[in-house]
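As a plain string of letters, each chain reads:
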Amino acid sequence: MRADSRGTETVRVPAPGGGGLWAERGGSGSPVVLLHGAGMDSRLWDAVVPELARRHDVIRYDARGLGRSTPPGEPFSDVDDLRAVLDHFGLRRAALVGLSMGGETSLDFALAHPERVSALALVGASVSGHVWPRTPELSAYSAARRAGDAAALAELELTVWAAMGRTAPGGELIGAMVTANAEQRLVSERHCVVGPRRDAEAHLGEITAPTLVVHGDRDHPEIAVIAERLVTDIPGARGQVVPDADHYLPLRTPARLAELLLTHLP
């Protein structure tokens, strides 16, 4: 473990089955774990962490094979990895804030381990079990994955999901993050296994944690469809649409997201 001048500590969490997950911890207060999306890494939260850390014990980590975490050499579960992070830091319960794939992992974890989740904040979230529409851009996305074409996958990521472009807030970091993780993403996704209960969409009524659902008004249209389903089916869930934000909402409108999270998190 290493601490910097801000008192933030970085550590490599042992991953189930081998390897390590890069993680950072800082701030004080009730614990919050931040989970990024596919093809990204924990830099997604750079502009949000300082505000959250004023009132919370904030942990963020790079998912298996992305960012500074080691690539998988065998099948792994992102739900098990999240549990390993909580266990490593001695957290019996924590609030989970997940974007896209990170939101999907948070939902699956909350269904598998409800006693360990104090609150959920789902940002531009996907949900396991959802049937995505067959559109030309999403078909091209799937084809790039199957072909192992990292360059095409990165370009599609920036076109489809970062629709506001590189000149919008956070654009430079988004481009760097997506490009850096494109090759690693292909390896990670091939090894990520879907457990026996990865159909959260059919079980949203079983979620017991207080839930906030957030998405940007310029995100992919299907994210809005999923957000509506989450708000409708999760008991007591609240929804919020954020103006001037695409799928990379934490970098596009960090101040507004931090405000929403600080109001929601215990």
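Everything below is about the structure shown above.
Our subject in this report is the structure included herewith. Being a predicted model, the structure only gives us computed values, none of them experimental. For every chain, the first residue of the written sequence is number 1, and numbering continues from 1 onward in sequence order. Only residues with pLDDT of at least 70 are given local features in this predicted model, and only at 80 or more are side-chain atom pairs given and counted; all residues enter the totals for whole chains, interfaces and linings. Just so you know, side-chain values use all the structure's heavy atoms and leave hydrogens and water out.

## Description of the environment of Val160
Only DSSP runs of H or I with at least four residues qualify as helices, and only runs of E with at least two residues qualify as strands; both kinds are numbered from the N terminus onward. Along the polypeptide, Val160 turns up in helix H5 (residues 150-161). Exposure categories follow from relative accessible area, calculated using a 1.4 Å probe and restricted to protein chains: below 20% of the type maximum is buried, above 50% is exposed, and the middle band is partly exposed. Residue classification places Val160 among the buried positions, given a relative accessible area of 12%. In this structure, the C-alpha to C-alpha distance between Val160 and Tyr141, residues 19 residues apart in sequence, is 9.0 Å. Setting aside chain neighbours within four positions, we find Val160 in contact with Glu137 and His220. Between two residues, a contact is recorded if the distance between any of their heavy atoms is within 4.5 Å.

## Re the packing of helix H2 (residues 78-88) against helix H3 (residues 101-112)
The interhelical angle for the contact between H2 and H3, taken along N-to-C directions, is 75°, at an axis separation of 9 Å. By the criterion of interaxial angle, the relationship of H2 to H3 is roughly perpendicular. On H3, the residues that touch Asp78, Val79, Leu82, Arg83 and Leu86 of H2 are Thr105, Asp108 and Phe109. Looking at the contact of H2 with H3 residue by residue, the class counts come to four nonpolar, one polar and three charged. A fitted line through C-alpha atoms serves as each axis, taken over the contacting stretch for helices, and the angle formed by two N-to-C directions is quoted from 0 to 180°. Note that the term roughly parallel is reserved for angles under 35 degrees, roughly antiparallel for angles over 145, roughly perpendicular for angles of 65 to 115, and oblique for everything else. Here the term charged refers only to Asp, Glu, Lys and Arg, the term nonpolar to Ala, Val, Leu, Ile, Met, Phe, Trp, Tyr, Cys and Pro, and the term polar to all other amino acids, Gly among them.

## Focus: H3
Under the 1.5 Å per step criterion, the end-to-end length of H3 is 16 Å for twelve residues, consistent within 8% with the ideal 16 Å. The element H3 is largely enclosed, with a buried count of nine among its twelve residues. Of the positions making up H3, those classed as buried are Gly102, Gly103, Thr105, Ser106, Leu107, Asp108, Phe109, Ala110 and Leu111. The inward-facing, buried residues of H3 contact strand E4 (30-35), H2, strand E6 (94-99), strand E7 (117-123) and helix H7 (221-233). One less than the residue count of a helix, multiplied by 1.5 Å, gives the span that helix is expected to have.

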